[in-house]
Amino acid sequence: RSVNIVAFGNERDGFSEDSQQPSLIRSYLGRSALISQIDSSLSASHAGNPVFTEYQACVFGNVRLVVHDCPVWDIFDSDWYTSRSLIGGADIIVIKYSVNDKTSFQELKDSYVPMIKKALNHCSVPVIISAIGARKNGVPCTCPLCTSDRRSCVTASEGVQLAKELGATYLELHTLSDFYIQKYFGGVLEYFMIQSLNQKSSEKMKKRKKTQKCHRVQPPQLEQPEKMPILKGEASHYDADLHNLLCCCPCADVAFYPEDLSTAVEAHKIILCSVSHLFMLLFEVKSPADTHDASILRTARRYPRDGGSFLLRLVSPEGARAICLALLSSLPAKACALLIYNPTLPGLVTGAFQWERLEEDIKKKVKDPEKTEHVLEKVKCILKTPGKLSAVKDCRSHQIKRLYNTSLRLFFNTPVLADVIFKIQGATVPAHRAVLVARCEVMAAMFNGNYLEANSILVPVYGVSKDTFLSFLEYLYTDSCCPASILQAMSLLICAEMYQVMRLQHICELYIITQLQSMPSRELASTSLSIVSLLKKAKFHNSDCLSTWLLHFIATNYLIFSQKPEFQDLSVEERNFVEVHRWPSNLYLKQLADYRNYVHSQKCHCTVM
């Protein structure tokens, strides 16, 4: 048995000349008749001073007493972990201060009492506040000097108020005499020591009774099932796909030329129309009647389709690339390509475009300030959204973020600007080669290689349903998908594996796992959904993560799936895996049966005879 006491604070005032005055704790240990075999040691020092002194002694004959005396409050600032450990292991806390040191008392009240309250954290540890010393006020006087002196002392009411904040016992020790040390302070301290020992004895008795109960035959403990493998999602590369489309320019259907026709910058109508209402007008995606912004209409009228400043020649169906658009002859040749594509359009395509970046790039290319402002105005007109960005300064405060996640959706499953048509289950689905090539490597090889589809407008699709293929195309256009059911997600996963779109495959895997995890046991037992069939499809279509997870899922819900007919469709290897990792295990079921037999045998005994 032991009692741990922690004492904080210094009973000497800052102006005391008696540096050899014994401390409260040391005086008590040396004078109390209940204390024996005292041993002391200093802790590791901080800034040349010991952080605390540790006393070990015996009290009440055979009770071990450990006292940590910390005269310096800096321990809370320099070593919060040690101070918190001391408070956490304390049975009794003693706080000391000198009544003639108002500054130290105020610092204790403002800074360290909140720390002690936080460390106690509502623990029922008794706290003793000891106000030590006789106040040096003398006879009350009305002169200013005496008033100043009285304010340097800590009054009894201030000490009592501090004790109320901590729920502590307040003591005033005018001197460290035998009366105050042994009978006053010692009596209160020994009372709390006895209370602490009684509480520990009671807790020990309760623990002993609990241990005795544990010797009885207990029901077997059901361990948690094995953790199933975690499937991590793949980061989106939507931005990079569209950026590569700009760099490589496959399936380009429009080109920009300077006035001298020296350099061509190839582009894609669908991308330009997605980012600019002006290009929607120029390429007849929208009619003037659909645009209610007068500034965009005025800008579009300045660029005629033939003659004047712009030449517009559409690409022929045979794929011959012609001059589609010539920029204003008044602009420098170097700025013509810069105006739309080079080098700032990657930002537009990826949705990370910032006006500040565009402005910097244009200024680097066009060194003439007047021409720079002219180019900036033209770019602003091209990128203008109806009703927004009415001035260059407005462009600085608005960033165009993720345009294509929403704007490319406008062209999904519509014949506008479509240059390929998929035929599937007797229906047709229009699409755009530029988007397909940028987002899908299999389609990039199909439309750019020596295949029949490269020169065909109508492309048949086999092996998937129309709804599944539409969901697949929607992901290519928007970088998002939302399956309606587990079966639809599996169909979409098969389509993604067919066209080698790995991120979509991972999204479908995550959807299936999330839906199965949220399914209650009762619904899992009654559902017509075949988990084993999902497992077979996942393995056949190289979805290793999903197939491994489904095996663990079957093993974790062994009692449910072992009663279903589909359980017999598992291969020998799969059955062995499930039996090894099943939950609950065979060992637990055997222990549970033995416990039930034991309980039944105990009930059969006659308690009277």
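Reading the values: the criteria
Residues numbered from 1 in each chain as written. Predicted model: local features only at pLDDT ≥ 70, side-chain atom pairs only at ≥ 80, totals over all residues. Heavy atoms only, no water. Helix = DSSP H or I, 4+ residues; strand = E, 2+ residues; numbered from the N terminus. Buried < 20%, exposed > 50% of the residue type's maximum accessible area, 1.4 Å probe, protein only. Areas by Shrake-Rupley, 256 points an atom, 1.4 Å probe, with all protein chains shown as cover. Salt bridge = Lys/Arg side-chain N within 4 Å of Asp/Glu carboxyl O. Expected span 1.5 Å × (residues − 1). Bend = angle between axes of the 7 residues up to and from the residue. Contact = heavy atoms within 4.5 Å. Phe/Tyr/Trp six-rings, centres within 6.5 Å; stacked < 30°, edge-to-face > 60°. Lys NZ or Arg CZ within 6 Å of the ring centre and 35° of its normal. Core = buried A, V, L, I, M, F, W, Y, C linked by side-chain atoms within 4.5 Å.

Taking an unreviewed UniProt entry as the reference, the protein chain is identified by name as RHBT3 protein belonging to Pelecanoides urinatrix.

Let us look at the overall build of the protein chain. In terms of regular secondary structure, the protein chain is built from 28 helices and 15 strands. In the protein chain, buried positions account for 44% of the 609 residues. Summing over all exposed atoms, the protein chain offers an accessible surface of approximately 32,900 Å²; the carbon and sulfur share of this is 53%.

Proximity of charged atoms lets side chains of opposite charge pair with each other. A complete count under the given rule lists 13 salt bridges for this structure. A salt bridge links arginine 135 to glutamate 172, with the nearest nitrogen and oxygen atoms 2.9 Å apart. Pair noted here: arginine 135 is in the loop between strand 8 (127–132) and helix 5 (144–150) and glutamate 172 is in strand 9 (residues 169–173), with a separation of 37 residues, a long-range link. Taking relative accessible area as the criterion, arginine 135 reaches 27% and is therefore assigned partly exposed. Glutamate 574 is the partner of lysine 536 in a salt bridge, and the nearest nitrogen-oxygen pair spans 3.3 Å. Of this pair, lysine 536 sits in helix 24 (residues 531–540) while glutamate 574 sits in helix 27 (residues 572–580); the two residues are 38 residues apart in sequence, bridging distant segments of the chain. Judged by relative accessible area, lysine 536 falls into the partly exposed class, the value being 34%. A residue is classified by how much of its surface remains accessible, and glutamate 574, at 3% relative accessible area, is buried. Put simply, Asp241, Arg439, Asp479 and Arg503 are held in one network by salt bridges that share partners.

So, about helix 4 (residues 102–120). Look at helix 4: 25 Å from first C-alpha to last across 19 residues, which is about the 27 Å you get at 1.5 Å a residue. The largest bend in helix 4 is about 45°, located at tyrosine 112, with the proline proline 114 one to four residues further on. On the buried face of helix 4, the contacting elements are helix 2 (75–78), helix 3 (80–88), strand 7 (92–98), strand 8 and helix 6 (156–166). One or two steps after helix 4, the chain reaches asparagine 121, where phi turns positive at roughly 50°.

Attention now goes to the packing of aromatic side chains. Considering all chains together, one arrives at 15 aromatic pairs under this definition. Ring centres of phenylalanine 469 and phenylalanine 472 lie 6.0 Å apart, and the angle between their planes is 35°; on these two criteria the pair is classed as tilted. Placement of both phenylalanine 469 and phenylalanine 472 in helix 20 (residues 466–478) is noted, with a separation of 3 residues, approximately one turn of the helix. Both rings, one in tryptophan 549 and one in phenylalanine 553, keep their centres 5.0 Å apart while their planes meet at 15°; by these two values the pair is stacked. Of this pair, tryptophan 549 and phenylalanine 553 both sit in helix 25 (residues 544–556), 4 residues apart, which is roughly one turn of that helix. Owing to a relative accessible area of 2%, tryptophan 549 belongs among the buried residues under this scheme. An aromatic cluster of three or more residues is present, and its members are Phe422, Phe469, Phe472 and Tyr499. Geometry around tyrosine 475 places arginine 439 over its ring, the cationic atom sitting 5.0 Å from the centre.

A few words on the nonpolar core. Most often, soluble globular proteins have nonpolar side chains that are buried together. If you look at the biggest cluster of nonpolar residues, it comprises 83 residues, and the most contacted ones within it are Phe422, Met443, Phe469, Phe472 and Leu516. It is helix 21 (residues 486–498) that provides the largest number of residues to this core, a total of 8 residues. The contacts of phenylalanine 422, once residues within four sequence positions are left out, are Ala427, Thr428, Val429, Ala431, Leu436, Met443, Phe447, Val459, Val461, Phe469 and Leu473. Listed in part, the 32 residues of the second largest apolar core include Val6, Cys70, Ile95 and Leu120.

A few words on the environment of isoleucine 92. Locating isoleucine 92 in the fold gives a position in strand 7. Taking the relative accessible area as the measure of exposure, isoleucine 92 reaches 0% and is therefore buried. Separated by 36 residues in the primary sequence, isoleucine 92 and isoleucine 128 have C-alpha atoms spaced 7.8 Å apart. Residues within four places of isoleucine 92 in sequence aside, it is in contact with Val3, Asn4, Ile5, Val6, Val125, Pro126, Ile128, Leu189, Phe192 and Met193.

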